[in-house]
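Here's the letter readout for the chains.
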Amino acid sequence: MEKSDDHHKTSHGGAAAEKWEEVSTAIRTAETMLRLAPVGLCLAALVIMLKDSQNNEFGSVSYSNLSAFWYLVHANGICAGYSLLSAAIAAMPGSSSTMPRVWTFFCLDQILTYVVLAAGAVSTEVLYLAYKGDNAITWSDACSSFGSFCHRAPASVIITFVVVCLYVLLSLISSYKLFTRFDPPAIVDSNKNVEVAVFGN
């Protein structure tokens, strides 16, 4: 009878472990795909901005003439490279589960989120000034002279903000994977002299 119970427990434990392995694989696959998605988007935003230039009787303009657009191109290039590398690491079973790599993903995901967000924000401001100008300093709009350039640039900026949304999700995932490894804070119950976990009110 005892041997039968032991066999039942072993079978139950094996089934639970197998189920957890399936769940872990599904999560790893989802994270890998989410990390791969920004690669194409970043490259698309980068290429659009690189090819965005215009020459006419008023002169010539390209992304390199505007520091905000120059920053956007380089930010998207860095983001594409990191996304591809992190996806390759995340796809390896158990490779991203060690504490140093969890911390690395957490820190780099946060940094990339703000880097790409900053690129989109400053580029949006430049586009606004290009379309509307600034009457306070008698700065007229530039898009009336370089309409073709202005019409293509927003596509790159919009794609960059889509990448920001994906990186917000990645930051949440990496934060969850990191902080779930720590025990909740505990307080000592002076009446019973025991520690009690605090999960919040």
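Quick caveat, the model's predicted, so the values are computed rather than measured.

A.B. asks: Please give an account of the overall build of the chain that cites residues and values.
C.D. replies: From N to C terminus, the chain includes four helices and four strands. Each of the 201 residues in the chain was classed as buried or not, and the buried ones make up 31%.

A.B. asks: Before we move on, can you summarise the pattern of salt bridges with the specific residues and values?
C.D. replies: For the structure shown, the criterion picks out four salt bridges. Linking E31 and K177 is a salt bridge whose minimum nitrogen-to-oxygen distance equals 3.0 Å. Here the residue E31 occupies a position in helix α1 (residues 2-51), and K177 occupies one in helix α4 (residues 147-179), the gap between them amounting to 146 residues.

A.B. asks: Can you lay out the packing of helix α2 (residues 67-91) against helix α3 (residues 99-132) for me, pointing to particular residues and giving the numbers?
C.D. replies: Taken N-terminus to C-terminus, the directions of α2 and α3 make an angle of 155°; their axes are 9 Å apart at the nearest point. With respect to α3, the axis of α2 lies roughly antiparallel. Crossing handedness for the pair α2 and α3: left-handed. From α2, A68, F69, Y71, L72, A75, I78, C79, Y82, S86, I89 and A90 reach across to α3, where they touch F105, L108, D109, L112, V115, V116, A118, A119, V122, S123, V126 and L127.

A.B. asks: Summarise the environment of P154; cite the residues concerned and give the values.
C.D. replies: Structurally, the position occupied by P154 is in helix α4. Sequence separation between P154 and S123 is 31 residues, and the spatial gap between their C-alpha atoms is 8.7 Å. In this structure P154 touches L127 and Y131, once residues within four positions along its chain are discounted.

A.B. asks: Quick one: what's the story with the packing of aromatic side chains, residue by residue and with numbers?
C.D. replies: Evaluation of the coordinates by the stated rule reveals three aromatic pairs. Judged by centre distance (6.3 Å) and plane angle (35°), the rings of Y82 and Y167 are tilted. Of the two residues, Y82 sits in helix α2 while Y167 sits in helix α4, which places them 85 residues apart along the sequence. When the centroid spacing of 5.9 Å and the interplanar angle of 85° are considered together, the rings of W103 and F106 count as edge-to-face. Of this pair, W103 and F106 both sit in helix α3, three residues apart, which is roughly one turn of the helix. Taking the relative accessible area as the measure of exposure, W103 reaches 35% and is therefore partly exposed. Given a relative accessible area of 15%, F106 falls into the buried group.

A.B. asks: If you had to explain a nonpolar patch on the surface to someone new, which residues and values would you point to?
C.D. replies: Taken together, the side chains of M33, L36 and L84 define a hydrophobic patch exposed on the protein surface, amounting to about 290 Å² of accessible area. Within the element layout of this structure, M33 appears in helix α1. For M33, a relative accessible area of 51% puts it in the exposed group.

A.B. asks: So what's going on with the UniProt feature "transmembrane region" (unreviewed entry) in the chain? Residues and values would help.
C.D. replies: With numbering matched to this structure, UniProt assigns "transmembrane region" (unreviewed entry) to residues 33-50, 70-91, 111-131 and 151-173. End C-alpha to end C-alpha, residues 33-50 measures 26 Å, and it is 100% helix and 0% strand. A helix fraction of 100% and a strand fraction of 0% characterise residues 111-131, whose end C-alpha atoms lie 30 Å from each other.

A.B. asks: Tell me about the side chain of T113, and name the residues and values.
C.D. replies: Relative to the assigned elements, T113 resides in helix α3. Classification of T113 by relative accessible area gives buried; the value is 8%.

A.B. asks: Go over the pairing of strand β2 (residues 59-62), please, and point to the residues and values.
C.D. replies: Look at any regular strand and the pattern is simple: side chains alternate between the two faces of the sheet. Relative to β2, strand β1 (residues 53-56) runs antiparallel, the two sharing four bridges. Following the sheet pairing, Q54 is matched in β2 by V61. Turn length for the β1-β2 hairpin, with the two strands adjacent in sequence and antiparallel, is two residues.

A.B. asks: Any details on the environment of Y167? Residues and values, ideally.
C.D. replies: A relative accessible area of 1% places Y167 in the buried class. As a C-alpha pair, Y167 and Q110 span 57 residues in sequence and 8.1 Å in three-dimensional space.

Each value, and the rule that gives it
Residues numbered from 1 in each chain as written. Predicted model: local features only at pLDDT ≥ 70, side-chain atom pairs only at ≥ 80, totals over all residues. Heavy atoms only, no water. Helix = DSSP H or I, 4+ residues; strand = E, 2+ residues; numbered from the N terminus. Buried < 20%, exposed > 50% of the residue type's maximum accessible area, 1.4 Å probe, protein only. Salt bridge = Lys/Arg side-chain N within 4 Å of Asp/Glu carboxyl O. Axes fitted to C-alpha atoms, helices over the stretch in contact; angles between N-to-C directions. Parallel < 35°, antiparallel > 145°, perpendicular 65-115°, else oblique. Left-handed = near helix turned anticlockwise from the far one by under 90°. Contact = heavy atoms within 4.5 Å. Phe/Tyr/Trp six-rings, centres within 6.5 Å; stacked < 30°, edge-to-face > 60°. Patch = residues over 30% accessible without salt bridge, like charges linked within 9 Å, V, L, I, M, F, W, Y side chains within 5 Å. Areas by Shrake-Rupley, 256 points an atom, 1.4 Å probe, with all protein chains shown as cover. UniProt positions renumbered as here; feature names shortened; annotations may be inferred. Pairing = 2+ DSSP bridges.

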